[in-house]
Amino acid sequence: MLIYRSGPAGYLLALTAAFPISLVAVSASAEETSYPQITGELSVEIENDWTYQSDDPTAEINDLYPTVVLGTNVAFTEAFSLNFEATLEPVEDATSDRAFEDLGGYLNIITANYDGETVSAYAGKFTPNFGIAWDIAPGIFGTNLNEDYELAEMVGFGGGFHFEAAGVHTISASTFFQDTSFLSNSVGTKRGPLELSDGGAGNTEDFSSFAVAFDGEFQHVAGFRYHLGFSSLGAGEGGNDRQLGYAIGVEYAFNIGENLTISPMAEYVYFDNYGGMGNDTAKYFTGGLALNHENWVASTTYQLRDTEVSGVTTDDYVVDFTVGYVFDMGLGVAAAWRGAEEDNVDSEGLGLLLSYAIEF
């Protein structure tokens, strides 16, 4: 099964292995799960990004790198668990041709969770619920711009309330600040640690930032889901106002015939006091479409980012076309073309991706 993913390195297409390895203890008589139990997924991706044309000749580089993500759930009961996610990837931007360089490993999720039928709660280091395009936009380059507003590696707590009303819906809320502990650094190539003096919206070391969201789906529109999000990030050092974010996103997956699935998605996000600076603004729009036919997937995504910072307006965009195939043994391959304008620099590039995931 093909799964679209995103993350700090812009990786995007992962694959669930056809032969998961189970570590779950099962009662031979009643076939009931016993506790504690450990489950998880190891995702391995090898990606090659080649910018073959750019208005800036120094940007015409080739970047070959891995992204390895290990997610682990330790369940003590059906409701209580600990969750961890560790990532290995380049922690610095490429400035010239490179291969398997600048790699750093870090823990981006560490939470204690309670998951009940109606109420859920969690505390630790996590990604607050705001926006969906950075997570679901299809294609190798489908998250190049919208990953800007992923609220990754925040420390705090939150929860959700689940209810039914012509479908299943969840109201969630969390309060947090950017991680400035030793866990904001990485093993191997160092990326930090993040300091309070580095500034930035949400870098406050107190619970002055929060996010609320409304997510759901309707029982009479199978495959459709929506997201409404609001975030308010406290001004860090050097900032003068709170950054306010507003997000609205939808996705819809429906079948045409037995073997063809069409999945359009769209999201609009607006920021006031962008970066914690009064009068600065940013607008993001993402529109994507994926087609799945048996082992094949084809997708296209358009991302737009309009910012006004210190009175200077910048309009950026990225267009992605991706085609992928998953072999029956679980190996995924994909290729993509990318056209972009960023900071008034036009560029074109190609991407190749190998992916494999093992559930345990």
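Residues numbered from 1 in each chain as written. Predicted model: local features only at pLDDT ≥ 70, side-chain atom pairs only at ≥ 80, totals over all residues. Heavy atoms only, no water.

## Focus on the environment of L331
So, point 1. Residue position: L331 is located in the loop between strand 19 (312–326) and strand 20 (332–342).
So, point 2. On the accessibility criterion, L331 (29% relative accessible area) is partly exposed. (Helix = DSSP H or I, 4+ residues; strand = E, 2+ residues; numbered from the N terminus. Buried < 20%, exposed > 50% of the residue type's maximum accessible area, 1.4 Å probe, protein only.)

## Considerations on the nonpolar core
So, point 1. Judged by nonpolar contacts, the single largest core of 19 residues is most densely connected at F130, Y149, L151, F176, V269, F271 and Y284.
So, point 2. Looking at this core, the elements that each hand over two or more residues are helix 1 (133–136), strand 16 (260–272) and strand 17 (281–293).
So, point 3. In this structure, L151 is in contact with F126, T127, P128, F130, F176, S231 and L233, ignoring residues within four places of it in sequence.
So, point 4. By size, the runner-up hydrophobic cluster in this structure holds 5 residues, among which are I140, F141, A336 and L353. (Core = buried A, V, L, I, M, F, W, Y, C linked by side-chain atoms within 4.5 Å. Contact = heavy atoms within 4.5 Å.)

## Quick notes on the pairing of strand 14 (residues 243–252)
So, point 1. The pairing of strand 13 (residues 224–233) with strand 14 spans 10 bridges and is classified as antiparallel. Counted as the bridge partner of F230 is Y246 from strand 14.
So, point 2. Here 8 bridges tie strand 14 to strand 16, and the two strands are oriented antiparallel to one another. The residue of strand 16 that forms the bridge with G249 is E267. (Pairing = 2+ DSSP bridges.)

## Some words on unusual backbone geometry
So, point 1. With an omega dihedral of 0°, the bond running from Y35 to P36 counts as a cis peptide bond.
So, point 2. Put simply, G192 and P193 share a cis peptide bond, and its omega is 5°.
So, point 3. With respect to the helices, strands and loops of the structure, P193 is situated in the loop between strand 11 (187–188) and strand 12 (209–218).
So, point 4. Backbone geometry places D343, a non-glycine residue, at a positive phi of 55°.
So, point 5. Topologically, D343 is positioned in the loop between strand 20 and strand 21 (345–359).
So, point 6. Given the relative accessible area of 56%, D343 is considered exposed.

## Considering the confidence of the model for the chain
Keep in mind that low pLDDT regions are not for reading the predicted coordinates in detail.
So, point 1. Of all residues in the chain, 91% have pLDDT values of 70 or greater, and the mean over the chain is 91.
So, point 2. Counted against residues more than four places away or in other chains, residues 1–30, with its pLDDT under 50, gives 95 contacts. (pLDDT = per-residue confidence, 0-100.)

## Comments concerning the pattern of salt bridges
So, point 1. Applying the stated criterion to the full structure yields 10 salt bridges.
So, point 2. With its nearest N and O atoms 2.7 Å apart, the salt bridge here joins R98 to D63. Here the residue R98 occupies a position in strand 6 (residues 98–99), and D63 occupies one in strand 4 (residues 62–75), the gap between them amounting to 35 residues. For the pair formed by R98 and D63, the shared burial category is buried.
So, point 3. When the shortest N-O distance is used, the salt bridge between R225 and E251 registers 2.3 Å. Of this pair, R225 sits in strand 13 while E251 sits in strand 14, and the two are 26 residues apart along the sequence.
So, point 4. One salt-bridge network, in which partners are shared between bridges, spans D148, R305, D316, R338 and E342. (Salt bridge = Lys/Arg side-chain N within 4 Å of Asp/Glu carboxyl O.)

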